[in-house]
Amino acid sequence: MSEALESRSDLIKAIHSSRGMAHTNRSHQRTFTLNIFRMNAQELIGITRRVNDPDEGIRLMAVANREAGSQTHREVTRRVHNFVAAALTLVEHTRIFMREHYSETPMLERYQARVDADFKNQPLARFVQDLRNYILHNGLPNSEMYMNFQSNADQPGTGTLETGIHIRSAPLLEWRNWSAPARIFIEGCGEFVDIGTIAESYTGNVLSFHGWLQRCLDQIHAADLDELRTLEGALNQLDAAAKPAPSVPPETSVSSGDGADGPEQDFSFAPDRAASLDAAANALLHKVRKIQLEAQHGDGFPSERPPSATLTDHEMLSVPLVWATDVESRRAFVFIYKDGAQFGLDEEAFAEMQALTESVLRSDWASRTLSRRFLEKTAIKWLQESYEVENTKSLAETIAKEGRKAVRSLELWAPIANLEVQNSFPVGPAEVATITRAMIEKLESEALGSAPQQRDSIVGLFNKLRQNMQGLAAVVFKLDAEADKIEEDGAAIARIVVAFLRFFSPPAVHFPAGSGNALLGSELVPMSNLLVIGDGTFSYKQAMLVPNAPGWRISEETLKQIRPGLDAVGALVRPEGLSEFALAVRSSLLLFSTGTTFASPIERLSYTLSAIEALLLRHSAEPAEFNVADRMGLLLTRDGKKREEVARNIREAYRLRGRQDVSPLFPREMGSVATFVRRAHHVIGTALGNFVTFGTVSEFINAVEDLRNQSASTS
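Each residue is numbered by its place in its chain's sequence as written, counting from 1. Thresholds applied to this predicted model are a pLDDT of at least 70 for local features of residues and 80 or more for the giving and counting of side-chain atom pairs; totals over whole chains, interfaces and linings are not thresholded and use all residues. Think of the side-chain values as coming from all heavy atoms in the structure, minus any hydrogens and water.

1. A closer look at the overall build of the chain
Selection rule: Numbering of helices and strands runs from the N terminus, with a helix taken as a DSSP run of H or I at least four residues long and a strand as a DSSP run of E at least two residues long. Taken over C-alpha atoms, the radius of gyration is set against a globule rule of 2.2 Å times the number of residues to the power 0.38. Per-residue accessibility, obtained with a 1.4 Å probe over protein chains only, is compared with the maximum for each type, and a residue is labelled buried under 20%, exposed over 50%, and partly exposed between these values. Using a 1.4 Å probe, accessible areas were evaluated by the Shrake-Rupley method; residue-level cover was limited to the displayed protein chains.
Counting secondary structure elements, the chain contains 25 helices and 15 strands. At 34 Å, the chain has a C-alpha radius of gyration far larger than the 27 Å of a compact globule built from 715 residues. Each principal axis of the C-alpha distribution contributes one length, and for the chain these read about 100 × 95 × 60 Å. Counting the 715 residues in the chain, one finds 42% classified as buried. When the accessible surface of the chain is split by element, carbon and sulfur atoms take 52% of a total near 39100 Å².

Following this line, the structure appears as structure tokens:
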């Protein structure tokens, strides 16, 4: 065994046998029981919050929804059972854990002192523990869903509606086995014990305690954890130094271009890479076969559409490249026509050409300057010219030669529909600038100078450009590349830039207004076109379906206001090198921005919820509605009552997203969506302002949940 492998083996053994790893594993194992409690608590709190929401509570208690209401009642009872069972399981498992691993240490004494102070004689804690025994030995408590209306004497006809679910105190007190603190708690609740209040208060106490416990244990093992991090760092460095080059599919295997032949120069391949490319190309050439196409069948009825222009074989400027189905129902790519027959590649062989293209792009100069489309076209042309030819050219040399001829300094201008800007400004690697009258006139003059014989066509083209583009803002992207490459990269960057711009546009926070800003030609401004035909009458009506959609003008003053945000999103245009959290912020911005282009409130809502979930859920296994409501509330306000307003609004958003009918939303529901969209925009903006601070989504969420403790300490 080599010295490096022995060192790696020793490091792995040292890591697994270290005290830091032992503590990490014990802490991880402890999270399983804590998770059982947390998830059961979230389920109980979530369902009681829904019942306590008058909008939801009324629906559940309506006669028409009797079965849904009954099942909700049963679900609350089930979750109460699971909640108290999980609470006692956590108590016992934690006690056993501490005695097993920290007996006869000061930490066990600290643990017991904190337990005694927080839980031993605390009425709420003893009630939860005793309720588990009540359910086990006596039966399920008699709970009831309720609805109360308290009229407002000062304003006749108005009042406050309350809904919820609670347990009557009197039947509970008939049980003789309550501890003294638990009995005091029940009596202090009055006529009813509120299930939701119990669950939320007890859960907060338990999670606060376990947060304290984990911090104490981590502090005790701080030196052990430092040692573990040092060992893991050494292993990572060793693995990085020994990391092999990326593997390449055998049929298109090429050298890295940075081996014995030295680094590659622009527009040239190292000899070993060129040889590998040519070998793969020749192997592909031998897979070109004759394609016998299946007969074409009509669809059985004539079209009423106006006829379009048709091209004959003599009028075509290049050989047609088509995907078709052969007589054996196999998909094939046809690109050679010879002696009345067609030749091409099977779908599987064509995939090898795509793999060959990816191999070329592993060369730095090629990935910077050449597009996949350019490489595919070059490879297809090489196959056409090489088919049934005795002495073929080198594909590697052909790519280098054609690339050298095609690459030049280029600018891509991507017009943005319905956007004007007073002054140009940068957004990451691109710039947003105006397509001016002078610019179009200059281009027209150059075109007329180079082809005066086509004056009428050129003038017509530029008149159309004036009509469609003059005065609009455009995303400007510069690159030394061939034309397809700047289109490939520039169009992708332009779409991202425009999406980020939409986040700062007025419709982003003014639902139901929608955004008409997109790359020109892809904007979504829904219109209705209706013909009304009667006996001797005819009318045509065209109307916009989204209010205030088009027309955003960014003045110098507006630019000053959004400049900090534009600087932030500029760093997110390209995904390469971004942290996990930065990628989540980027995804959230794009989802929210996409939602602004839809006329449907439910589609807008769905994209906005997805945008928020990208930031406020650690993973897909977390309950979405509960955690989004909880964490958005923490980010938006420190006031408990206002947090509940936020939670109600978010529950309504999830309910509306899941509705099964397609009827229009009521005005009150539209107002609820508008409120949620504004709040979501604020939360995403907060994340955008902190994308450099946090490395992962979990780190961001931990910081959000720390706000709960800050609120508790200040209240």
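2. Section: the environment of alanine 283
Relative to the helices and strands, alanine 283 is located in helix H11 (residues 271-285). Expressed as a C-alpha distance, the spacing of alanine 283 and glutamate 420, which sit 137 residues apart in the sequence, is 53 Å.

3. With respect to the pattern of salt bridges
For clarity, the cut-off: Within this document, salt bridges are pairs made up of a side-chain nitrogen of Lys or Arg and a carboxyl oxygen of Asp or Glu, the two lying within 4 Å of each other.
All chains considered together, the criterion is met by 46 salt bridges. Measuring nitrogen to oxygen at the nearest pair gives 2.5 Å for the salt bridge that ties aspartate 226 to arginine 229. Here the residue aspartate 226 and the residue arginine 229 both occupy positions in helix H10 (residues 222-241), the gap between them amounting to 3 residues, near one helical turn. When the shortest N-O distance is used, the salt bridge between aspartate 489 and lysine 485 registers 3.2 Å. One end of the pair is aspartate 489 and the other is lysine 485, both in helix H18 (residues 483-503) and 4 residues apart, which spans about a single turn.

4. Re the packing of H11 against helix H14 (residues 372-386)
The condition is simple: Every angle, taken between N-to-C directions, lies between 0 and 180 degrees, and every axis is a line fitted to C-alpha atoms, over only the stretch in contact when it is a helix. Note on terminology: angles under 35 degrees are roughly parallel, angles over 145 are roughly antiparallel, angles of 65 to 115 are roughly perpendicular, and the others are oblique. Left-handed describes a crossing in which the near helix is turned anticlockwise from the far one by less than a right angle; the clockwise case is right-handed. The contact definition used throughout considers only heavy atoms, calling two residues in contact when any of these lie within 4.5 Å. Note on residue categories: nonpolar means Ala, Val, Leu, Ile, Met, Phe, Trp, Tyr, Cys or Pro, charged means Asp, Glu, Lys or Arg, and polar means any other residue, Gly included.
Two elements in contact, H11 and H14, have axes whose closest approach is 11 Å; the angle formed by their N-to-C orientations is 60 degrees. By the angle class used here, H11 and H14 are oblique. For the element pair H11 and H14, the recorded crossing hand is right-handed. Contact residues: H11 offers Ala281, Asn282, Leu284 and Leu285, while H14 offers Trp382, Leu383 and Ser386. A per-class count over the contact of H11 with H14 returns 5 nonpolar, 2 polar and no charged.

5. A look at the sheet that holds strand S5 (residues 322-325)
Cut-off, in case you're wondering: Note: two strands are recorded as paired if DSSP finds a minimum of 2 bridges between them.
Taken together, the 4 strands give an open sheet; going across it, the order is S4-S7-S6-S5, and neighbouring strands pair in antiparallel fashion. Edge positions in the sheet fall to strand S4 (289-291) and S5, since each of these pairs with one other strand and no more. For this sheet, the mean inter-axis angle between neighbouring strands, taken without regard to orientation, is 55 degrees. Of the pairings in the sheet, the one linking S4 to strand S7 (residues 341-346) comprises 3 bridges and is antiparallel in character. Across the sheet, residue lysine 290 finds its bridge partner in S7, namely phenylalanine 343.

6. Digging into helix H16 (residues 437-450)
Heads up, the rule is: To estimate the expected span of a helix, count its residues, drop one, and scale the result by 1.5 Å.
The terminal C-alpha atoms of H16 lie 20 Å apart, and with 14 residues this matches the ideal 20 Å at 1.5 Å per residue to within 8%. Looking at the buried side of H16, the elements it contacts are helix H17 (455-469).

7. Details of the packing of aromatic side chains
Counted only if it meets this: To pair, rings of Phe, Tyr and Trp, with the six-membered ring standing in for Trp, must have centres within 6.5 Å; the planes then decide the type, stacked if under 30 degrees apart, edge-to-face if over 60, and tilted in the middle. We count a charge as sitting over a ring when the NZ of a lysine or the CZ of an arginine lies within 6 Å of the ring centre and within 35 degrees of the ring normal.
Summed over the entire model, instances satisfying the criterion amount to 26 aromatic pairs. A ring pair is formed by tryptophan 175 and tryptophan 178, whose centres lie 5.1 Å apart and whose planes are at 90 degrees; its orientation type is edge-to-face. Here the two residues tryptophan 175 and tryptophan 178 agree in accessibility, since each one is buried. Note on phenylalanine 267 and tryptophan 365: the rings are 5.4 Å apart at their centroids and 55 degrees apart in plane angle, and the pair reads as tilted. Of this pair, phenylalanine 267 sits in the loop between H10 and H11 while tryptophan 365 sits in helix H13 (residues 364-369), placing them 98 residues apart in sequence. The class for phenylalanine 267 is buried, based on a relative accessible area of 16%. Following the ring pairs from residue to residue traces out a cluster consisting of Phe37, Phe83, Tyr111, Phe119, Tyr202, Phe209 and Trp212. Positioned above the aromatic ring of phenylalanine 97, the side-chain terminus of arginine 30 is 5.9 Å from the ring centre. Over the aromatic face of tryptophan 212 sits the side chain of arginine 114, whose NZ or CZ is 4.8 Å from the ring centroid.

8. Regarding the side chain of serine 18
Cut-off, in case you're wondering: Each polar contact in these results corresponds to two N or O atoms within 3.5 Å; when the atoms are within protein, one needs to be able to donate a hydrogen and the other to accept it, and residues that are neighboring in sequence are counted only if both atoms are side-chain atoms.
Mapped onto the secondary structure, serine 18 falls in the loop between helix H1 (3-17) and helix H2 (19-52). Polar side-chain contacts of serine 18 include one of 2.8 Å to the backbone oxygen of isoleucine 15. Side-chain polar atoms of serine 18 contact the backbone nitrogen of methionine 21, separated by 3.1 Å. Setting aside anything within four residues of it in sequence, one finds serine 18 in contact with Glu227, Leu228 and Leu231.

9. With respect to the environment of arginine 59
Here arginine 59 lies in helix H3 (residues 54-61). Assessed through its relative accessible area of 28%, arginine 59 is described here as partly exposed. For the pair arginine 59 and glycine 69, spaced 10 residues apart in the sequence, the C-alpha separation amounts to 8.0 Å. Setting aside its immediate chain neighbours within four residues, arginine 59 contacts Asn65, Glu652 and Arg655.

10. Observations concerning the sheet that holds strand S12 (residues 473-481)
Spatially, the 4 strands line up as an open sheet ordered S8-S12-S11-S10, and their pairing is antiparallel. On the outer flanks of this sheet lie strand S8 (408-415) and strand S10 (425-427), each paired with one strand and no other. Ignoring which end each strand starts from, the neighbouring axes of this sheet average 35 degrees apart. The pairing of S8 with S12 spans 8 bridges and is classified as antiparallel. Counterpart to serine 409 in the pairing with S12 is aspartate 480.

11. So, the pairing of strand S11 (residues 430-434)
Note: S10 against S11, 3 bridges, orientation antiparallel. Following the sheet pairing, phenylalanine 425 is matched in S11 by valine 432. Once S10 ends, the chain turns through 2 residues before running back antiparallel as S11, passing glycine 428 with a positive phi of about 60 degrees. Bridge count for S11 against S12 is 4 bridges, and the pairing is antiparallel. Residue pairing across strands places threonine 434 opposite alanine 473, the latter belonging to S12.

12. Structural notes on the side chain of threonine 33
By the secondary structure assignment, threonine 33 is in helix H2. Judged by its relative accessible area of 12%, threonine 33 is buried. Ignoring anything within four residues of it in the chain, the contact list for threonine 33 reads Thr89, Leu90 and His93.

13. What about a nonpolar patch on the surface?
Operational definition: Distance thresholds for patches are 9 Å for like charges and 5 Å for nonpolar side chains (Val, Leu, Ile, Met, Phe, Trp, Tyr), applied to residues having over 30% relative accessible area and no salt bridge.
On the surface, Leu531, Ile533, Phe538 and Tyr540 cluster together to form a nonpolar patch covering roughly 510 Å² of accessible area. Of all elements in the fold, only strand S13 (527-534) and strand S14 (537-544) reach the threshold of two or more residues within the nonpolar patch.

14. Looking at unusual backbone geometry
For the bond running from phenylalanine 511 to proline 512, omega is 10 degrees, close enough to zero to count as cis. Mapped onto the elements of the fold, proline 512 is located in the loop between H18 and S13. For serine 329, which is not a glycine, the phi torsion comes out positive at approximately 65 degrees. The exposure class assigned to serine 329 is exposed, which follows from its relative accessible area of 58%.

15. Topic: the confidence of the model for the chain
Heads up, the rule is: A residue's pLDDT is simply how confident the predictor is in it, with values from 0 to 100.
Of all residues in the chain, 92% have pLDDT values of 70 or greater, and the mean over the chain is 89. Per-residue pLDDT stays below 50 along residues 245-261; that stretch engages in 32 contacts with residues further than four places along the chain or on separate chains.

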